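Each chain, written out:
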Amino acid sequence: MTGDLFAGVTEAQPSRETMAEGAVLLRGFVLARQDELLAALREVIAAAPFRHMVTPGGFTMSVAMTNCGKVGWVTDRRGYRYDAGDPESGKPWPAMPPVLSALARDAAEAGGFKDFAPDACLINRYVPGAKMSLHQDKDETDFSAPIVSVSLGLPATFLFGGLKRSDKTQRYRLTHGDVVVWGGPSRLFYHGVAPLAEGEHPLLKRQRINLTFRKTA
Ligand code: MD6
Ligand code: FE
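Residues numbered from 1 in each chain as written. Chains lettered and ligands numbered in written order. Predicted model: local features only at pLDDT ≥ 70, side-chain atom pairs only at ≥ 80, totals over all residues. Heavy atoms only, no water.

Caption draft 1: Inspection of the layout of surface pockets at higher detail. Roughly 780 Å³ of internal volume is contained in the largest pocket. Around the largest pocket, the lining is made up of 36 residues, and of these Met61, Trp73, Met132, Ser133 and His135 lie nearest the centre. Elements with a contribution of two residues or more to the lining of the largest pocket: β6 (120–126), β7 (132–135), β8 (147–153), β11 (179–182), β12 (191–193) and β13 (208–214). For the lining of the largest pocket, the residue count by class is 16 nonpolar, twelve polar and eight charged. (1 Å grid on protein atoms, 1.4 Å probe; cavity = no way out; pocket = protein on both sides within 12 Å on 5 of 7 lines; lining within 4 Å. Points joined across faces, edges and corners; volume = space filled by probe spheres on them. Helix = DSSP H or I, 4+ residues; strand = E, 2+ residues; numbered from the N terminus. Nonpolar A, V, L, I, M, F, W, Y, C, P; charged D, E, K, R; others polar.)

Quick look at the structure:
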């Protein structure tokens, strides 16, 4: 059979894994278009560089962030919110490149959510040691839309819990090219990222980049 004969030669096929009702892990979904995606990301990052934001409680986040889209997620001493402007430059966030919005739309559809039209893409950069504490994504006003999350670069351990902070978490290893589409009954589940392990990725070197696409309003 052709599939078996060339199994080690052809690119890995995307696969699908259900994490919870409404949440699906699409392994390798990005790989076929990673070159265009990385080129577009470089332009966004040149226009709006990564920065370490401060939480309302006064802690500087270990994850560096930037955004593209109509609005971007920001945090400072005043709170968490979506803002049309980059507070560092005073300019609007870079527009969402079509290759990014198309990826988000296609992944959402593969995850069972048709016509996903995100207005924000939060870009997170982790270096070894950086982590994201357990949290809910609840700064949006429209919880009927899913969130599409793309992982690039070094692998991470993703912690996926339930509606209560104290709910037991499951652990998923997210690697370069994986996409999580997540909405419906699990849209408000607690989640986080364990401290990133040391490593060197062939394309992205000593970092993990995560994109989360949201429809905020
Ligand atoms: C990360 N992701 O993977 C952080 N939020 O680096 C998130 O916080 C996240 O992956 C909502 C939905 C999907 C996510
Ligand atoms: Fe989140």
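Caption draft 2: Region of interest: the environment of Ala197. Its location among the elements puts Ala197 in the loop between β12 and β13. The exposure class assigned to Ala197 is exposed, which follows from its relative accessible area of 53%. Separated by 70 residues in sequence, Ala197 and Val127 have C-alpha atoms that sit 8.4 Å apart. If near-sequence neighbours (up to four positions away) are discounted, Ala197 is found in contact with Pro128 and Leu154. (Buried < 20%, exposed > 50% of the residue type's maximum accessible area, 1.4 Å probe, protein only. Contact = heavy atoms within 4.5 Å.)

Caption draft 3: View of the site of ligand 1. Close to ligand 1 lie Tyr126, His135, Asp137, Ile147, Ser149, Phe158, Trp182, His191, Val193, Arg208, Asn210 and Thr212, which account for all nearby residues. Side-chain polar atom of Asp137 to a nitrogen atom of ligand 1: 3.1 Å apart, as the coordinates give it. A distance of 3.2 Å separates an oxygen atom of ligand 1 from a polar side-chain atom of Asn210. Contact with the protein chains hides 98% of the accessible area of ligand 1, taken as 340 Å² for the molecule alone. When atoms are counted within 2 Å of each cavity's grid points, the one that captures over half of ligand 1 is the largest pocket. Those elements that place two or more of their residues in the shell around ligand 1 are β8, β12 and β13. In terms of residues, the shell around ligand 1 owes the most to one element, β13, which gives three residues. (Near = heavy atom within 4 Å. Polar contact = N/O pair within 3.5 Å; in protein donor to acceptor, adjacent residues only side chain to side chain. Areas by Shrake-Rupley, 256 points an atom, 1.4 Å probe, with all protein chains shown as cover. Sits in = over half its atoms within 2 Å of the grid points.)

Shape descriptors only; they carry no functional weight alone.
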